[in-house]
Amino acid sequence: MKEKKEPLINQIEEYMLAFIFALMVMITAVNVFTRYVFSYTFSWAEQFTRLLFVWLTFVGVSLAALKGKHLKVSAVAQVLPGKLGVIVFLIGDIVTVIFSVYMIRYMMIIIDNILVNKQVFSAMTWLPMWVMYVPGVIGMAGWAVRTIQASLIPGIKELMSKEEGK
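A.B. asks: How should the overall build of the chain be read in this particular structure?
C.D. replies: Within the chain, the regular secondary structure consists of 5 helices and 0 strands. Along its sequence from the N terminus, the chain presents helices and strands in the succession α-α-α-α-α. Taken against the 2.2 N^0.38 rule, which gives 15 Å for 166 residues, the C-alpha radius of gyration of the chain at 21 Å runs more than 25% over that of a compact globule. In terms of its C-alpha atoms, the chain occupies a principal-axis envelope of roughly 75 × 45 × 30 Å. A sequence separation of at least 24 residues applies to 72% of the contacts in the chain between residues at least 6 apart. When the accessible surface of the chain is summed, it comes to about 11,200 Å², and 70% of that surface belongs to carbon and sulfur atoms. Charged side chains in the chain number 15 positive and 10 negative. The centres of these two groups are separated by 2 Å.

Structure (structure tokens):
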């Protein structure tokens, strides 16, 4: 039997994480090599890898939501009988989506403020500072969408099927 292949849209985060991590390792390795062999350090390398780490973290948030691996308090929901446990999980997922939308709003305010003030990184004056906040918006949006896709919709379907099976 042929195994069902995961859609490309669901693999985007994995490819992005692999690329970002490989780039971080490469930049760090080259910087360490030049430091010890040539006694030269790239001034931008540490700050750029820190920026990549921020991207890695927020892309990872979206992937964790898709795979159902983000932090969740499940002890209470698992102790509660049937439909009540599902409702507790759904409430948690709704709070997650509301929180991520709230964070998107405030990150957009920060990005707007950075754009108005034309801030740049101290070691990378060619790179605008807003680049560090964009992954937060993308990650939070991905977290909301993936929570709806992977938890909320299946939870509602499960709740509906339990109600029909009464």
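The structure having been displayed, the exposition proceeds.
A.B. asks: Explain the pattern of salt bridges to me, please; I cannot follow it from the model alone.
C.D. replies: Where charged atoms from two side chains of opposite charge come close, those side chains can pair. Taken as a whole, this structure holds 3 salt bridges when the rule is applied. A salt bridge links R146 to E13; its shortest N-O distance comes to 3.0 Å. Linking R146 in helix α5 (residues 134-164) with E13 in helix α1 (residues 8-37), this pair joins segments that are 133 residues apart in sequence. E13 matches R146 in its accessibility class, with the two residues each being buried.

A.B. asks: When you look at the packing of aromatic side chains in this model, what are you seeing that I'm missing?
C.D. replies: Each pair of aromatic rings is reported with the distance of its centres and the angle of its planes. Tallied over the entire structure, the rule returns 6 aromatic pairs. Measuring from centroid to centroid gives 5.8 Å for F33 and F38, while their planes differ by 85 degrees, and the two rings are edge-to-face. When its relative accessible area of 56% is taken as the criterion, F38 is described as exposed. With centroids separated by 6.0 Å and ring planes inclined at 80 degrees, the aromatic side chains of F99 and W143 adopt a geometry described as edge-to-face. Of this pair, F99 sits in helix α4 (residues 82-117) while W143 sits in helix α5, placing them 44 residues apart in sequence. Put simply, the rings of Y40, F42, W44 and F48 pair up and form one aromatic cluster. The ring of Y106 is capped by R105, whose NZ or CZ atom sits 4.8 Å from the centre of that ring.

A.B. asks: Help me understand the nonpolar core, please; the structure alone is not making it clear to me.
C.D. replies: Side chains of nonpolar character tend, in soluble globular proteins, to be buried together. Counting 19 residues, the largest nonpolar core has I20, F48, L51, L52, F121 and L127 as the members making the most contacts within it. Taken together, the elements giving at least two residues each to this core come down to α1 and α2 (45-67). Here the element with the most residues in this core is α2; it accounts for 9 residues.

Analysis parameters
Residues numbered from 1 in each chain as written. Predicted model: local features only at pLDDT ≥ 70, side-chain atom pairs only at ≥ 80, totals over all residues. Heavy atoms only, no water. Helix = DSSP H or I, 4+ residues; strand = E, 2+ residues; numbered from the N terminus. Rg over C-alpha atoms; globule rule 2.2 N^0.38 Å. Contact = heavy atoms within 4.5 Å. Areas by Shrake-Rupley, 256 points an atom, 1.4 Å probe, with all protein chains shown as cover. Lys, Arg positive; Asp, Glu negative; His and termini not counted. Charge placed at Lys NZ, Arg CZ, Asp CG, Glu CD. Salt bridge = Lys/Arg side-chain N within 4 Å of Asp/Glu carboxyl O. Buried < 20%, exposed > 50% of the residue type's maximum accessible area, 1.4 Å probe, protein only. Phe/Tyr/Trp six-rings, centres within 6.5 Å; stacked < 30°, edge-to-face > 60°. Lys NZ or Arg CZ within 6 Å of the ring centre and 35° of its normal. Core = buried A, V, L, I, M, F, W, Y, C linked by side-chain atoms within 4.5 Å.

Interpretation in functional terms is not warranted from these geometric data alone.
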